[in-house]
Amino acid sequence: MPSSPGRARSRMQAIVSHTKLNDAAGALKAPPTPGQALQSFAENRRSFWIILSLAVLFAAWEIAGLVPISFAFPKFSETVLAFVEMVADGTMIYAYFLTLQPLVLGVLISAVVGIGLGIAMGLSNKIEWLLAPVFIVLQAAPMAALVPLVTFIYGIGLTAKTLAVVMLALPVIVLNSYKAVRHVNPSLVDMCRSFQGTRKQQIFKIIIPDASPVLFAGLRLGIAAGFIGVMLAELLITPTGIGDLITYHRSVANYGHMYASVASIIAVSTLTLAGLQYFETNVLRPEKRRK
Amino acid sequence: MANAALSRTQGQLAVTCEDAIVQVRDIGKNYGDVEALRGINLEFQRGKLTTLLGPSGCGKTTLLKIIAGLVPASSGEICVNDKVVTGPGPERAFVFQDFALMPWATVMRNVGFGLELRGVPAIERNRVARRYIEQVGLAGFEEKYPHELSGGMRQRVGIARAFAVNADVLLLDEPFSAVDEQNRRKFQEDLLRLVDLEKKTFIFVTHSIEEAVYVSDRIVLLSPRPGRISQVIDPMIDRTASPDDIRRDAGYLNTVEEIWQGLRQYAE
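Residues numbered from 1 in each chain as written. Chains lettered and ligands numbered in written order. Predicted model: local features only at pLDDT ≥ 70, side-chain atom pairs only at ≥ 80, totals over all residues.

1. Comments concerning the overall build of chain B
Rules: Counting from the N terminus, the helices are the DSSP runs of H or I reaching at least four residues and the strands are the DSSP runs of E reaching at least two. What the globule rule says is 2.2 Å times the number of residues to the power 0.38, and the radius of gyration is computed from C-alpha atoms. Partly exposed residues are those whose C-beta has more than 12 but fewer than 20 other C-beta atoms within 10 Å; with 20 or more the residue is buried, with 12 or fewer it is exposed, and the C-beta atoms are placed from the backbone. By the convention adopted here, residues are in contact when the distance between their C-beta atoms, placed from the backbone, does not exceed 7 Å.
Within chain B, the secondary structure is distributed over nine helices and twelve strands. Taken over C-alpha atoms, the radius of gyration comes to 18 Å for chain B, in line with the 18 Å a tight globule of 268 residues would show. Expressed as a percentage of its 268 residues, the buried residues of chain B come to 43%. Summarising the internal contacts of chain B: among those between residues at least 6 apart in sequence, 69% fall at separations of at least 24.

Below, the structure is given as C-alpha cells:
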C-alpha cells in the first residue's frame, strides 16, 4: 500500500490519543501482532464481549445441530443460508411488511394511550382508583386465552391483530407509567412549587422528565409484549407474515427456514429495544452519556 | 449577650422585633394525632439571619416549610411584608436540604430555573444565572450536570438558584447537613459573605449549635414534642474578626455552651 499524507496523519492521531482509541488505532501502530491487537480490543471495547457472547451461542447451536439433538433442529449455518435465501427471494421482506403493520400500529396506540393514562393515574388519585383495577386485571390475565375472543368479535383482519398487540402492550405501559409518576422525587416537586411553578410547568418540566427513565423502561417492556402479541395473533388468528412463515415451514418440515424466521423476529425485537435505549440515553437524558 | 424581646402569651413564649419582614402568628401543626408545632409566635427582622435550632423532631423544618408555603399550617397564619400568605410567593426562596437539583439539567439551567418558571427569556435568565454562579464560586461549571459536582458544589447551585429570583427572604433548610465538615466551614464563611453582600433576610434551620452561633444574628431554640419556642439568644459575635478568631472567641464558646446546656435535657 503506498504511503500517503492521509495515512501519516491518522498515524499521528493514533499516537497522540492511543490510550483512548480502539482497535483501529492499535492496528496502525507499528508492532501489534494479531494477538496483541485482539487483546487491546478485548480490554477496551464492549463490543468484543458482545461478539464473543454471540459467537459462543452460535457455536453451541452449530454443534447441537451437528449432533443433532433432534431431527427437527437445524445447524446454525443451515439457518443462516435459509435466511439469506428467504431475503433474496423476497418472502422474508414481504412477511415483515405484513407483520410490522399491526405491530407498529399497536405499539404506537399503546405507547400514546398507555403513557397518557399512566401519567393521569399517577397525577390523580381518582383516576388511579378508576383505572388501576382494570389494568391490574388485564396484566394478570393470560392474554393468549383472550385472543380467540378477539377473533370472534373482530374477525381475522388487521384490527384483530392490532388489538392483540394492544392487549399485551397497553397494561404494562400503563402500570409502569403510573409507577414512574408516583416515584418522582417529591423534593423536586416542592422545589418547583416553591418557585411558584404552575401545575402545568410542574408536570412538563419536573414530573415527566424525572419519570422518563421508568416511563422508558415501561415502554421497552410494552414493546417486548407487543412482539408477543403480534406473534400470538399470527399463530392463532390469521396465518400471515412471520407467523405464517414459521407455521408453513414447520408443516413442510423445512426446519432451516422455520428457525431462520424465528431467529429473525427475535433479532428484530432485540434491535428495536436496544435502539429505544440508545434513543433514551442519547436524546432524552443527555447527562447519562457523561457517566 | 443581649436580651431578646420576649413576652408570654397564654403560657407560650412569643418573639417580637422591630421592622419584622416575616411574622409567624400562633402557628400550630398536627400530623394526625401527632402535634408537631404548638402556638408559635415569632417575628423575623428584616436584613438579619435568624436560625431555628433544636433537636430532631422539634418541628424546625416543618416550621420553615410552613413559612415557605410548602406545608399548610393546622392553625394560625404567616405574614410576609404585612400580607397574609397561604402558599409559596416570589418574596421567598427556598434552599433544600437534599439540594433538589434537576439531574437532567445543567448548572446554568438549574440556577435559572426559578426565572424560567416565571417566563423570563433565556438570554436574560442566563445572564442572571451566570452572575450568581460566579458569586457562589462555581464559574466555569455552567455546563456541568449535577452528578459531575461534589455535594458542596451542588448546594452552591441550590443557593445560587435561590438568589437568582431576587427574593427578600431566603429560607435555608439544613443546607449544609449533606456536606462534609471541611466544606461546611468554608460554606459558613461564604454564607456570611453573601449575607453581607446581598442584604437579604435569612431564615436558617440547623441542628448544629456551632453553626448556629457562628452564622446567626438571632437563634430561636425549639423544644420537641410538640415543637415550641424554648429560648431566644442573640449571639452578638463580632463578625469583623477572622473566622478562626471567632471560633476561638470566649463569647462564641460560651454561647455554644449555654445552648448546649439548654438542649442537653432533650438528648437521650
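2. Points about the overall build of chain A
Along its length, chain A carries 14 helices and zero strands. When the elements of chain A are put in sequence order from the N terminus, they spell out α-α-α-α-α-α-α-α-α-α-α-α-α-α. When the 291 residues of chain A are sorted by exposure, 31% land in the buried category. Across chain A, contacts joining residues at least 24 apart in sequence account for 68% of those joining residues at least 6 apart.

3. Re the nonpolar core
Inside soluble globular proteins, nonpolar side chains tend to come together where they are buried. To be explicit about the condition: Nonpolar core, as used here: buried Ala, Val, Leu, Ile, Met, Phe, Trp, Tyr and Cys residues forming one set through C-beta atoms within 7 Å.
One finds A:Ala164, A:Ala169, B:Ile67, B:Ala160 and B:Leu171 to be the most contacted residues of the largest nonpolar core, which totals 136 residues. Looking at this core, the element that brings in the most residues is helix α9 (residues 158-182) of chain A, giving 16 residues. The residues contacting B:Ala160, other than those within four sequence positions of it, are B:Val111, B:Tyr132, B:Ile133, B:Gln135, B:Val136 and B:Leu138.

4. A word on the UniProt feature "domain: ABC transporter" (unreviewed entry) in chain B
To keep it simple, the criterion reads: UniProt positions are given in the numbering used here, feature names are shortened, and annotations may be inferred rather than shown by experiment.
According to UniProt, the feature "domain: ABC transporter" (unreviewed entry) maps to residues 22-249 of chain B in the numbering used here. Along residues 22-249 of chain B one finds 34% helix and 28% strand; the C-alpha atoms at either end are 31 Å apart.

5. Describing the interface of chain A and chain B
Let me state the cut-off plainly: Lys, Arg, Asp and Glu make up the charged group, whereas Ala, Val, Leu, Ile, Met, Phe, Trp, Tyr, Cys and Pro make up the nonpolar group; the residues left over, Gly among them, are polar.
On the chain B side, the residues contacting the 14 residues of chain A number 19 residues. Counting residues per element, the ones that place at least two in the side of chain A that touches chain B are α10 (186-194) and α11 (199-236) of chain A. The element contributing the most residues to the side of chain A that touches chain B is α10(A), with six residues. Its residues placed into classes, the side of chain A that touches chain B shows four nonpolar, five polar and five charged.

6. A short note on the sheet that holds strand β8 (residues 92-95) of chain B
Residue and element names in this part refer to chain B. Convention followed: Note on pairing: two strands pair once DSSP finds at least 2 bridges between them. Structural elements are reduced to axes, namely lines fitted to C-alpha atoms, with helices fitted over the stretch in contact, and the angle between N-to-C directions of any two is expressed from 0 to 180 degrees.
Spatially, the six strands line up as an open sheet ordered β8-β9-β10-β5-β11-β12, and their pairing is mixed. Whereas interior strands pair on both sides, the edge strands pair on one side only; in this sheet they are β8 and β12 (228-233). If you compare each strand with its neighbour and ignore which way they point, the axes differ by 20° on average. With five bridges connecting them, strand β9 (residues 169-173) and strand β10 (residues 201-206) associate as parallel partners. From the neighbouring strand, Leu 171 faces β10, where its bridge partner is Ile 203. Across the sheet, helix α5 (residues 151-164) is in contact with β8 and β9; its angle to β8 comes to roughly 175°.

7. Observations regarding the environment of A:Ala253
Along the chain, the position of A:Ala253 falls in the loop between α12 (241-251) and α13 (255-284). Spatially, the C-alpha atom of A:Ala253 lies 17 Å from that of A:Leu235, the residues being 18 residues apart in sequence.

8. Remarks on the packing of helix α4 (residues 122-135) of chain B against α5(B)
The angle between the axes and the distance between the axes are what describe a pair of packed helices. All names here are of chain B. Applicable threshold: Reported orientations rely on four angle classes, namely roughly parallel under 35 degrees, roughly antiparallel over 145, roughly perpendicular from 65 to 115, and oblique for the rest. Handedness of each helix crossing follows the sense of rotation of the near helix against the far helix: counterclockwise by less than a right angle gives left-handed, clockwise gives right-handed.
The contact between α4 and α5 brings their axes to 9 Å, and the two run at 135°. One element, α4, and the other, α5, form an angle in the oblique class. Between α4 and α5 lies a crossing whose hand is right-handed. Across the interface between the two elements, Val 128, Ala 129, Tyr 132, Ile 133 and Gln 135 of α4 pack against Ala 160, Phe 163 and Ala 164 of α5.

9. Things to note about the pairing of β10(B)
Residues and elements named next belong to chain B. Put simply, the rule is: Crossovers are described as right-handed under a simple rule: with the strands pointing away from the observer, the path leading from the first strand over the helix to the second runs clockwise.
Burial analysis of β10 places six of its six residues in the buried class, which makes it a mostly covered element. Side chains Thr 201, Ile 203 and Val 205 project from β10 onto one buried face, and the interleaved Phe 202, Phe 204 and Thr 206 project onto a second face that is buried too. Inspection of the sheet shows strand β5 (residues 49-53) paired to β10 by five bridges, in the parallel sense. Along β10, the bridge assignment pairs Thr 50 with Ile 203. Considered for its hand, the β-α-β crossover made up of β9, helix α6 (residues 181-198) and β10 is right-handed.

10. Side note on the packing of α10(A) against α11(A)
Residues and elements named next belong to chain A. Viewed as axis vectors pointing N to C, α10 and α11 meet at an angle of 160°, and their least axial separation amounts to 10 Å. Between α10 and α11, the angle falls in the class roughly antiparallel. Pair α10 / α11 crosses with right-handed handedness. Two secondary-structure elements touch here, α10 through Leu 188, Val 189 and Cys 192 and α11 through Gln 201, Gln 202, Lys 205, Ile 206 and Asp 210.

11. Examining the environment of A:Pro142
Residue and element names in this part refer to chain A. For Pro 142, the position within the fold is in the loop between α7 (125-140) and α8 (147-154). Among the residues examined, Pro 142 registers 7 C-beta atoms within 10 Å and is labelled exposed. C-alpha of Pro 142 to C-alpha of Leu 168: the two residues are 26 residues apart in sequence and 9.4 Å apart in space.

12. A word on the confidence of the model for chain B
Residues and elements named next belong to chain B. Keep this limit in mind: For every residue, the predictor states its confidence as a pLDDT score lying anywhere from 0 to 100.
Within chain B, residue pLDDT values average 83, and 95% of them lie at 70 or more. The lowest-confidence element of chain B is strand β1 (residues 6-9), averaging 52 in pLDDT; the highest-confidence one is helix α2 (residues 107-111), averaging 92. Scoring of the predicted complex yields 0.78 for pTM and 0.87 for ipTM.

13. Here we look at the pairing of β12(B)
Residue and element names in this part refer to chain B. Across five bridges, the pairing between strand β11 (residues 218-223) and β12 is antiparallel. Its bridge partner lying in β12, Val 220 is registered against Val 232. Turn length for the β11-β12 hairpin, with the two strands adjacent in sequence and antiparallel, is four residues, and the turn residue Arg 225 shows positive phi of about 45°.

14. Regarding unusual backbone geometry
Leaving glycine out, the prevailing phi sign among residues is negative, and the prevailing peptide bond configuration is trans. Residue and element names in this part refer to chain B. At Asn 81, a residue that is not glycine, the phi angle is positive and equals roughly 50°. In this fold, Asn 81 is placed in the loop between β6 (75-80) and β7 (83-85). For Asn 81, a count of 14 C-beta atoms within 10 Å translates into the label partly exposed. Phi angles above zero are rare outside glycine, and Glu 174 is one such case at about 40°. Looking at the element boundaries, Glu 174 is found in the loop between β9 and α6. The exposure class of Glu 174 is buried, given the 20 C-beta atoms found within 10 Å.

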